[in-house]
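One letter stands for each residue in the lines below.
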Amino acid sequence: MPLYVYEAREKDRSCAKCRDGFEIMQRLDEARLDHCPYCRSPVIRVIQAPGLTHSKTDLHYRAKRAGFHTLKKVQKGEYEKLY
Ligand SMILES: [Zn+2]
């Protein structure tokens, strides 16, 4: 299943999870998310290159979001409890 990254469209109305972006596994036939599953504020899908492994995507994403490492880790832990 492909891994998608979403982030808040309106950062000032978002929760800690979608403000920094969150990753979610979705089937190809699943509709893209319109709202954060945590706080229901609108989110946009961040385009990821196909074929990246989870860890590569995560590393890339962490690098891109340098400075949010601790927060990102908490989010990822919470995200993984969902599945
Ligand atoms: Zn949210």
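Residues numbered from 1 in each chain as written. Predicted model: local features only at pLDDT ≥ 70, side-chain atom pairs only at ≥ 80, totals over all residues. Heavy atoms only, no water.

Colleague: So what exactly am I meant to see when it comes to the coordination of the zinc ion here?
Modeller: When a metal carries six donors in an octahedron, the ideal angles between them are 90 or 180 degrees, while four donors in a tetrahedron ideally lie at 109.5 degrees. Around the zinc ion, the protein contributes the donor atoms Cys 15 (SG), Cys 18 (SG), Cys 36 (SG) and Cys 39 (SG), which lie 2.3 to 2.4 Å from the metal centre. With 4 donor atoms in place around the zinc ion and angles of 105 to 115 degrees between them, the coordination shape is tetrahedral. Motif for the zinc ion, donor spacing along one chain: C-x2-C-x17-C-x2-C. On the criterion of sequence distance, the pair formed by Cys 15 in the loop between strand S1 (3-8) and helix H1 (16-19) and Cys 36 in the loop between strand S2 (22-25) and strand S3 (43-46) is long-range, its members being 21 residues apart. (Donors = N, O, S within 2.8 Å, 3.2 Å for Na, K, Ca; no water. Tetrahedral: all angles 85-135°; square planar, octahedral: opposite > 155°, others 65-115°. Helix = DSSP H or I, 4+ residues; strand = E, 2+ residues; numbered from the N terminus.)

Colleague: How should I be thinking about the nonpolar core in this particular structure?
Modeller: Core analysis: the biggest nonpolar cluster contains 9 residues, these being Tyr 4, Tyr 6, Ala 8, Cys 15, Cys 18, Phe 22, Ile 24, Cys 36 and Val 43. Mapped by element, the contributors of at least two residues to this core are S1 and S2. For this core, the element with the highest residue contribution is S1, accounting for 3 residues. The contact partners of Val 43, leaving out residues within four places of it in the chain, are Tyr 6, Glu 7, Ala 8, Arg 9, Cys 18, Phe 22, Leu 33, Asp 34, His 35 and Cys 36. (Core = buried A, V, L, I, M, F, W, Y, C linked by side-chain atoms within 4.5 Å. Buried < 20%, exposed > 50% of the residue type's maximum accessible area, 1.4 Å probe, protein only. Contact = heavy atoms within 4.5 Å.)

Colleague: How should the packing of aromatic side chains be read in this particular structure?
Modeller: To describe a pair of aromatic rings, you give the distance between the ring centres and the angle between the ring planes. Using the criterion set out here, one finds 2 aromatic pairs in the structure. Measuring from ring centre to ring centre gives 5.9 Å for Tyr 6 and Phe 22, while their planes differ by 20 degrees; the resulting arrangement is stacked. With a gap of 16 residues between them, Tyr 6 in strand S1 and Phe 22 in strand S2 connect regions that are remote in the sequence. With relative accessibility at 0%, the residue Tyr 6 sits in the buried group. Ring centres of Phe 22 and Tyr 38 lie 5.9 Å apart, and the angle between their planes is 90 degrees; this geometry places the pair in the edge-to-face category. (Phe/Tyr/Trp six-rings, centres within 6.5 Å; stacked < 30°, edge-to-face > 60°.)

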